[in-house]
Amino acid sequence: MAVISEKHQKVKVVSRRDHAKDLWSLRVQPETQLSFKPGQYTTLGVQENGKVIERAFSIVSSPLENEVEFFFELVPHGELTPHIYYAKEGSELLMRRQAKGLFTLDTESGHRQHLLVATVTGVAPYVSMVRTAARQANQGRPPDYRLVLIQSASRSWEFAYREELQALAEQHAWLEYVPTVSRPWEDAEWTGEVGRAEDVLRKYLDSFALTPETTTAYVCGHPQMIENTKGILARRGFCKESVREEGYWVPKKEHK
């Protein structure tokens, strides 16, 4: 059996939530506290056949929480998620001791508006940002900025954190949350916004007055959504420095 690297620590699953048949969240308790900024990621893994299989996942929880939360989508033939899919309360996983990533809120440009665009699991880093701001607001330190979160999914049951985000948006004037469904014909009970994130982007850039002079944009999730959104923002005058991206996988190149 391979010796676990000093870069890793064991974490114990303390709770699990299943959102859909292929979407679930885990909260884990690390041996030592993980230091991170909202928006960053760390690496989770399992040990199998003498080696560690691991992959980076954005952190859902706030740094102000004691436990660390992650949001997963099952990749049926993936190397790691089929293992994590069967994790339950009491299961042990491996986690890197360090968090990494530059996908954090812009604190240098002076922008007071932050546009957050995501597909399904791409909401994870934004939940961390929102939870942190909400906890600080509840302590009498409300943020001096506004967060506008647009999240798209094929069907509404893929919005794992919708109830939490909607409740926080109702409580706090600095948060706007717009979930949008791209396949409403498969979701008869949905009465909210319709279309992909990039389909409704121009509408909400206008309605929330999200201009290049006041706004930093963030895009996270499906690579095609990221490219489409970046194109729209570029045509609206957003410079590259004001658009941050976090892709969750690289699409395979087609052989010609």
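Scroll up for the structure.
Predicted, not measured: the structure shown is a model, and the values here were computed from it.

Its location among the elements puts R27 in strand β2 (residues 23-30). We classify R27 as buried; its relative accessible area is 18%. For R27, the side chain forms a polar contact with the side chain of E67, separated by 2.8 Å. Here E69 takes part through its side chain, which lies 2.6 Å from a polar atom of the side chain of R27. Those residues in contact with R27 that lie beyond four places of it in its chain are K12, V13, V14, S15, S61, E65, E67, V68, E69 and R131.

Turning next to the pairing of strand β7 (residues 113-118). Within β7, six of the six residues are buried, which leaves it mostly tucked inside the rest of the structure. Of the two faces of β7, the one holding Q113, L115 and V117 and the one holding H114, L116 and A118 are both buried throughout. Here six bridges tie β7 to strand β8 (residues 146-153), and the two strands are oriented parallel to one another. In the strand pairing of β8, H114 is matched with L147. In terms of handedness, the path from β7 via helix α2 (residues 124-138) over to β8 forms a crossover that is right-handed.

Turning to the sheet that holds strand β10 (residues 193-194), a few remarks are in order. Paired through backbone hydrogen bonds, the strands of a sheet run either parallel or antiparallel to each other. With parallel pairing, six strands are arranged side by side in an open sheet as β10-β9-β8-β7-β11-β12. Since the sheet does not close on itself, it has two edges, and those belong to β10 and β12 (243-247), each with one partner. Sheet contacts for helix α5 (residues 223-235): β7, β11 (215-221) and β12; angle to β11, the most-contacted strand, approximately 160°.

Let us look at the sheet that holds strand β5 (residues 68-73). Spatial strand order, β4-β3-β6-β1-β2-β5: six strands in an open sheet with antiparallel pairing. On the outer flanks of this sheet lie β4 (51-58) and β5, each paired with one strand and no other. Here the strands of the sheet are splayed against their neighbours by 40° on average, with no regard to which way each runs. Both β2 and β5 contribute to a ladder of six bridges, which runs antiparallel. Among the inter-strand pairings, L26 is bridged to a residue of β5, identified as F70.

A few words on the side chain of H172. By secondary structure assignment, the location of H172 is in the loop between α3 (162-171) and β9 (175-181). Given the relative accessible area of 10%, H172 is considered buried. Once residues within four sequence positions are removed from consideration, H172 is found in contact with A134, A137 and N138.

On to unusual backbone geometry. With a phi angle near 55°, N49 is a residue other than glycine that sits in the positive phi range. Mapping N49 onto the fold places it in the loop between β3 (41-48) and β4. Positive phi values are uncommon outside glycine, yet A209 reaches one of about 55°. Counting through the fold element by element, A209 comes out in the loop between α4 (197-207) and β11.

Reading the values: rules and limits
- Residues numbered from 1 in each chain as written.
- Predicted model: local features only at pLDDT ≥ 70, side-chain atom pairs only at ≥ 80, totals over all residues.
- Heavy atoms only, no water.
- Helix = DSSP H or I, 4+ residues; strand = E, 2+ residues; numbered from the N terminus.
- Buried < 20%, exposed > 50% of the residue type's maximum accessible area, 1.4 Å probe, protein only.
- Polar contact = N/O pair within 3.5 Å; in protein donor to acceptor, adjacent residues only side chain to side chain.
- Contact = heavy atoms within 4.5 Å.
- Pairing = 2+ DSSP bridges.
- Right-handed = clockwise from strand over helix to strand, strands pointing away.
- Axes fitted to C-alpha atoms, helices over the stretch in contact; angles between N-to-C directions.

By themselves these figures say nothing about function.
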